[in-house]
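Geometric and topological summary
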Amino acid sequence: MAAPLTLLLVVAVTIRAALFRSSLADLIAERVEVVSPLNAWKRVVEGLALLDLGISPYSGDVFHETPLIIYLFHFLVDYAEITFMIADGITAVALYIAVKEYNKQVFRKQKYALEADRYPLDCLELIRSPKEMYYIPLKVAMFYLLNPFTILSCVAKSTCGLNNAVIALFILCTIKGSALLSAIFLALATYQSVYPLTLFAPALLYLLQRLYIPVNIRRPSFWWYTLQYAFMYLGSLFVIICLSFFLLGTWDFLPSVYGFILSVPDLTPNIGLFWYFFAEMFEHFRLFFLCVFQINVFFYTIPLSIKLKEHPVFLIFMQLAVISIFKSYPTVGDIALYLAFLPVWSHLYRFLRNVFLVSCVLLACSALFPVLWHLWIYAGSANSNFYYAITLLFNVAQILLVSDYFYAYLRREYHLTHGLYLKRKDGSEATLVLK
Amino acid sequence: MKVQGLTIQENNMGLLSDPNRRRALISMLTRLNAPICVVCYMAGVAWFMGLAFEPFTLRTYMSENAMGSTMVEERFPAGERALATGREFAAHKKKVGGMPVDWLVKTMQSQGLEVFTQRFSRTLPFPDENKERYVVEGTNVYGILRAPRAPRTEALVLSAPCSPGNNNNQAVGLLLGLSQYFRNQIYWAKDIIFLVNEHDLIGMQAWLEGYHHTNTTGMDWSPLQGRGGSIQAALSLELSSDVITSLDLVLEGLNGQLPNLDLANLFYAFCQKIGVLCTIQGKLQRDDWDTASGYSHAVQTMMLMVLKQASGRPWGDHGLFLRYHIEAASIKGINSFRQYKTDATTIGRLLEGMFRKLNNLLERLHQSYFFYLMPSLSRFVSIGYYMPAFGLLAVILLLRALDLWVQLSALPSRTEDGIADIEQSGPGVLSVLTPLVISHLTGVALYTLPIRSQEMAVEHFPVFETEAVVLTAIAIYTAGLALPHNTHRLVSGEGTEQGWRVLKLVAVLYLAVLLGCTALINFSLGFILALTLVPLAAFITPHVPKLLSALFMVLLSPGCTLFFSIFFFQELQETPVNLQEGWVLFLSVISQGILDHSLYGSLVYPLVALLVYPCWLLFWNILFWK
């Protein structure tokens, strides 16, 4: 399987290199859908220039990257294109290995269950065969590397690609069961953009499951392990933040990065839900709605963790999707990361309900973004409402997609315990509804 | 019964989440697919035709407060003198054999304007036979009247082209007359720029690029020495006789962009006030809307607008302003055989009135509509009314896509074999990808080759450059029909029943998105393309009679649509042409389209070559699927 992956990497790098050399690169780097104030390359360059002049890069209101990123590019600025291509490659390979490992575990679990006769007889067609699972890791890598969203994001040199790489490494380490590395990468991802904080829950659940520690609040072993993992996570976060402080010598980056993410002062249009809403709002409601919007991202962790505590990897997927929909400055690169997981759930296909509708809407919206932007900004004949309408539709489609997968996952699990052909009490055929 | 959040259904829920209702809805949509599609198509066309019916349209009204209630008086007295200036200009033009730059500079300076010139040069990619030019060099002259009443942050433009021959001398005369008169008034709050541009749109392009410090088309021009504020509105004047019978308003700009409707309202209001006959698309408005002839008159006017807008060309010198957020229109004086004549003084008063109202603007024109069609000068159809016509056509594509999707998802369940599925999906992707790639490569060839290969064509064939370009384009277009069909067999062997369904699903969705985006930017173009491409996309399968369908497809292809549109346009303009003349016109329209793209950045040619034509080729591919 290494050969197809190598081929895929070569194709992906070729496409990116060709696009870097073409005149499209500048155009893409300006698109609001691809870069946000948080991760635009232009702003990194600005920060570097300030750093070289001996001024704090955060002294203007332009630069919002973390200190580690600026020091990374302080050395790598001439090799930026390669860095971003490598980051994409790392993400793809990490996801590839992680998914391969995960599929192995799924298959093992399924085998035990089959041997223990735990599945009802009519569920045999739901059992996954090794043959269909064989290509899934490659498909995951392909979905990430050849996704136009990833390519655009990489060509625009959006640092979102680096964040994705960190998150992918975190997923890899978690699935491989290395608690320390997992905590370190989670801390790095949190340090980069705050929101991956919510991935703490699925990672913990996964590691607990791996060690056969039951999730039970009355068991001391559960608390002991949770404390251990939390300590590793917070410890590495503390170390990274202190390291940033020693690199720059000031705490400027805290308000400039995390304040910026949480208080959303920059209302440049993007594909998220924040900008229009906060541009239209009366100032004295701002704080209240800011809290509501931000809690929205974090809040879903609790019900989802309870519901999916047996399925932490699916929970990771759900969390990534929720983050990329509800975060304050989303870009298409964030979406690409969770879209890469779709092949992993390809066995849910028969339970999906809206996939045609959703994919049509996502496709149409992706085409309409630049058109409506043109009409609004250049032609002046449309206005921001047109653009926001598409943003809204795009996000509704994403939510539909995610909830559809959620429903399909639960439904498959339900069938695995209750049998595929359900009967009502009176004997007629029954249908399942998510409530 | 509640386990894991899933309950066995006892009561009904919403449409999307209730599986039974969904199934019923989907089965109804697939069962009645063809009749629904036919009904939608007819409803779409009927809706569109209904747009010109007066009770369904809205009366135009002035939305901009600053231009509505304020009273202005028009006192321009010097029409005769303006005409004399025009004659003087004509004499100097004849003497110099082009633009009399020195004379214009001197005249404007003597009026007390700040006068500047701008030189520009441009080599066309191939000779323009309509206007007989290849290497274009010229000079723009403009004078700025500085606003005495305000901080000079905004400006208005009045332009007149310096055309070859005896055209538009009166326009320049009137422009100079107005500039002299305006100079003596004290109420101007915006700079007024009087611009005489040479080589019509090329000069205008150079001036606008110079004014805004952009260079989008690779033209050479000298930088502007003087500027006014940001331009709020512009009027372009074309006038070739001393007296006129009516004034025609031209709105259609580059890529089908239209100025704010308030500009048209302003023109109409002043024509009513001063008593000048005014037309749009050269057609007077009639008040007998309830008769058949009255209705057909309105339809003709609207169709002319639709065709002009769909062409994506600037139909007057104003057309390029729109790209820079500047509301602009051309006013053309027409002298026909009517009894009632209007003299230059009256036209001057009309322009003075319009400028005074524009001068009162407090913000950019934005109150009124930007997306509209006009069945007459006093009636308009806004986007909310005309979009459903397009929507009804686009729905057909979505319905067909849904139908295909249901068919596709029904197919694998019949085999009940997971392994066969996966092995089919490999070549399945390839058999879709190959036609997609090949038809787009043909599109790229159609876009790049005509201009690139003109020298080679001229060497080897006895044709001129222009002909070479146009004929190469047509040749590639026709060759595309022979080339790509059945390409999928190279890679995947036999095409499967499922293969063409997947390809058709992709093609239908592609077309839907493409037409949707086009219709948003340029409704007319999107609608005309939808009118021809949608029926074709809806019915094509490999199982329809080949020859007949192939003929049908060719007749509905984008190239033939253009051909028919030319005849239709000429018919509407009451200058019908025969087949021979039509063909010559067709060739010249293609060359103009390519020129418009390289000179002004019009998007119609790349859109058709790079996107619409490959999409059409995909359907051609499906027809010949084996």
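Before any of the text, the structure's been laid out above.
Okay, so let's go over this structure. Quick caveat, the model's predicted, so the values are computed rather than measured.

When helices and strands are counted, chain B shows 21 helices and 14 strands. The C-alpha atoms of chain B give 28 Å as radius of gyration, which agrees with the globular expectation for 626 residues (25 Å, within 12%). Projecting the C-alpha coordinates of chain B onto the three principal axes gives extents of approximately 90 × 70 × 50 Å. With 626 residues in all, chain B has 57% of them scored as buried. For chain B, long-range pairs separated by at least 24 residues make up 81% of all intrachain contacts whose partners lie at least 6 apart in sequence. In the structure as shown, chain B presents an accessible area of about 26,000 Å², 62% of it carried by carbon and sulfur atoms.

Buried within helix α4 (residues 67–76) of chain A are the following residues: A:P67, A:I69, A:I70, A:Y71 and A:F73. Structurally, α4(A) contributes buried residues whose contacts are with α3 (41–52), α5 (80–115), α9 (160–176), α10 (179–193), α12 (220–248) and α13 (253–263) of chain A.

Moving on, we come to the sheet that holds strand β5 (residues 133–145) of chain B. Residue and element names in this part refer to chain B. In spatial order, the strands read β8-β4-β5-β7-β6-β9-β12-β10-β11; together these nine strands make up an open sheet with mixed pairing. Since the sheet does not close on itself, it has two edges, and those belong to β8 (220–221) and β11 (278–280), each with one partner. Where strand β4 (residues 114–128) meets β8, two bridges bridge the pair, whose relative direction is antiparallel. Counterpart to F120 in the pairing with β8 is W221.

As a further point, take the packing of α9(A) against helix α11 (residues 200–210) of chain A. Helix packing geometry: the angle between the two helix axes and the distance between the axes. Residue and element names in this part refer to chain A. In contact at an axis separation of 9 Å, α9 and α11 are set at 20° when each is read in the N-to-C sense. It follows that α9 is roughly parallel to α11 by the angle criterion. Contacts from F170, T174, I175 and K176 of α9 reach α11 at A203, Y206, L207 and R210. Partitioned by chemical class, the residues of the contact of α9 with α11 number five nonpolar, one polar and two charged.

What follows deals with the packing of aromatic side chains. Applying the stated criterion to the full structure yields 73 aromatic pairs over all chains. Where A:W275 meets A:Y276, the ring centres are 5.6 Å apart and the plane angle is 90°; that geometry is what we call edge-to-face. Of the aromatic side chains, those joined through ring pairs into one cluster are A:Y102, A:F314, A:F317, A:Y338, A:F341, A:W345, A:Y405 and A:Y409. Over the ring of B:Y211 we find B:R227, and its NZ or CZ is 5.9 Å from the ring centre. The side chain of B:R313 reaches across the aromatic face of B:W315, ending 5.9 Å from its centre.

Positioned with a positive phi, A:K157 is a non-glycine residue whose angle comes to about 55°. Take A:K157: it is sitting in the loop between α8 (148–155) and α9. Relative accessible area serves as the criterion here: at 17%, A:K157 is assigned to the buried category. Of note in the backbone geometry, B:N255 takes a positive phi value of approximately 55° without being a glycine.

Let us now look at the sheet that holds strand β13 (residues 372–376) of chain B. Residues and elements named next belong to chain B. Here three strands make up an open sheet; going across it, the order is β3-β14-β13 and the pairing antiparallel. Only two strands of the sheet have a single neighbouring strand rather than two, namely β3 (58–59) and β13. For β3 and strand β14 (residues 379–382), the ladder comprises two bridges, and the chain directions are antiparallel. Note that in β14 the partner of L58 across the bridge is F380.

A:W345 and B:W207 are the most contacted members of the largest nonpolar core, which has 351 residues in total. The element best represented in this core is helix α16 (residues 497–521) of chain B, accounting for 15 residues. A:W345 has contacts with A:Y102, A:V313, A:F314, A:F317, A:Y405 and A:Y409, leaving out every residue within four places of it along the chain.

Attention now goes to the pattern of salt bridges. All names here are of chain B. Taken as a whole and assessed by the stated rule, the structure comprises 21 salt bridges over all chains. In this structure, E54 and R379 form a salt bridge, with 3.5 Å as the shortest nitrogen-oxygen distance. Taken together, the residues E54 in the loop between α2 (33–50) and β3 and R379 in strand β14 connect sequence positions 325 residues apart. For R379, a relative accessible area of 14% translates into the label buried. Salt-bridge contacts for R133 lead to D200; the nearest nitrogen and oxygen are separated by 3.5 Å. Of the two residues, R133 sits in strand β5 while D200 sits in helix α7 (residues 200–212), which places them 67 residues apart along the sequence. Residue R133 is classed as buried on the basis of its relative accessible area of 11%. The network of salt bridges with shared partners includes E114, R146 and D191.

Residues in a regular strand project their side chains so that they alternate between the two faces of the sheet. All names here are of chain B. For strand β6 (residues 154–162), the tally of buried residues reaches eight of nine residues, placing the bulk of the element in the interior. Sheet topology note: the β6/strand β7 (residues 191–198) ladder contains eight bridges and is parallel. Looking at β7, one finds that S159 is bridged to L195. Handedness of the crossover joining β6 and β7 through helix α6 (residues 169–183) is recorded here as right-handed.

As a further point, take the pairing of β7(B). Residue and element names in this part refer to chain B. Summarising burial for β7: eight of the eight residues are buried, a large majority. Here β7 shows two buried faces, one formed by D191, I193, L195 and N197 and the other by I192, F194, V196 and E198. Where β5 and β7 come together, five bridges link them in antiparallel fashion. Bridging from a neighbouring strand, G143 pairs with F194 of β7.

Cut-offs and rules
- Residues numbered from 1 in each chain as written.
- Chains lettered and ligands numbered in written order.
- Predicted model: local features only at pLDDT ≥ 70, side-chain atom pairs only at ≥ 80, totals over all residues.
- Heavy atoms only, no water.
- Helix = DSSP H or I, 4+ residues; strand = E, 2+ residues; numbered from the N terminus.
- Rg over C-alpha atoms; globule rule 2.2 N^0.38 Å.
- Buried < 20%, exposed > 50% of the residue type's maximum accessible area, 1.4 Å probe, protein only.
- Contact = heavy atoms within 4.5 Å.
- Areas by Shrake-Rupley, 256 points an atom, 1.4 Å probe, with all protein chains shown as cover.
- Pairing = 2+ DSSP bridges.
- Axes fitted to C-alpha atoms, helices over the stretch in contact; angles between N-to-C directions.
- Parallel < 35°, antiparallel > 145°, perpendicular 65-115°, else oblique.
- Nonpolar A, V, L, I, M, F, W, Y, C, P; charged D, E, K, R; others polar.
- Phe/Tyr/Trp six-rings, centres within 6.5 Å; stacked < 30°, edge-to-face > 60°.
- Lys NZ or Arg CZ within 6 Å of the ring centre and 35° of its normal.
- Core = buried A, V, L, I, M, F, W, Y, C linked by side-chain atoms within 4.5 Å.
- Salt bridge = Lys/Arg side-chain N within 4 Å of Asp/Glu carboxyl O.
- Right-handed = clockwise from strand over helix to strand, strands pointing away.

That's the geometry; what it means functionally is another story.
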